[in-house]
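Here is what each chain is made of, one letter per residue.
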Amino acid sequence: AGPIHGTVEILAALRARGVPLYALSNWSAETYPVAERRFDFLGRFRGVLISGRERVIKPDPRVFQLLLERFGIAAADAVYVDDSPRNVAAAAALGIHAVHFTGPVDGPPALRRALQARGLLPP
């Protein structure tokens, strides 16, 4: 339906601070290019891994491992945000700092606080 108010601003703030940003999505290989054209913020990621292209989907641990390996990210240095508790649990099981995004109303302020707690955004 569109971006969630507050999250695009968080993305911009992280980028402005030089935080390397990567996207991991269960989008299909066919529809992701349509979304990329529609939502310019999707072009702000340093790297993108689309499950439909890789043929492995979250919460399969292999998709998280593929992201880490492909982009040279240490699990302990990564912060992963998702609205699915299953996906959050799968990432956390691999040693990734995982944040459950709780929805369009409470989610953005809670996400900002979680990122502040990790020192990625100023208080």
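The rules behind the values
Residue positions are counted from 1 within each chain, in the order its sequence is given. Local features are withheld for residues below a pLDDT of 70 in this predicted model, meaning they are given only at 70 or higher, and side-chain atom pairs are given and counted only at 80 or more; totals for whole chains, interfaces and linings count all residues. Water and hydrogen atoms play no part in the side-chain values, which are based on all heavy atoms of the structure. Relative accessibility under 20% of the residue-type maximum defines a buried residue, over 50% an exposed one, and the middle range a partly exposed one, all with a 1.4 Å probe and only protein chains included. Only runs of H or I of at least four residues qualify as helices and only runs of E of at least two qualify as strands under DSSP, and these elements are numbered from the N terminus. Pairing between strands is defined by DSSP: at least two bridges between them are needed. When the strands point away from the viewer, a crossover counts as right-handed if the path from the first strand over the helix to the second runs clockwise. Starting at the helix axis, one direction is taken to each C-beta atom, and the arc is that of these directions. In what follows, residue pairs with any heavy atoms lying within 4.5 Å of each other are defined as contacts.

(A) Layout of the pairing of strand 3 (residues 79–82). Covered by surrounding structure in strand 3 are Tyr80 and Asp82 only, the residues Val79 and Val81 on the alternate face being uncovered. Relative to strand 4 (residues 97–100), strand 3 runs parallel, the two being bridged by 4 bridges. Bridging across to strand 4, Val79 finds its partner in His97. Taken together, strand 3, helix 5 (residues 85–93) and strand 4 constitute a β-α-β crossover, and its handedness is right-handed.

(B) The arrangement of helix 5 in detail. For helix 5, the full list of buried residues reads Asn87, Val88, Ala90 and Ala91. Down the axis of helix 5, the smallest arc covering the buried residues is 160°, so these residues share one side. Exposed and oriented more than 90 degrees from the buried face of helix 5 are Pro85, Arg86 and Ala93. Close packing links the buried residues of helix 5 with helix 4 (61–71), strand 3 and strand 4. Phi for Gly95, located one or two positions after helix 5, is positive at around 90°.

No statement about biological role is implied by the geometric values presented.
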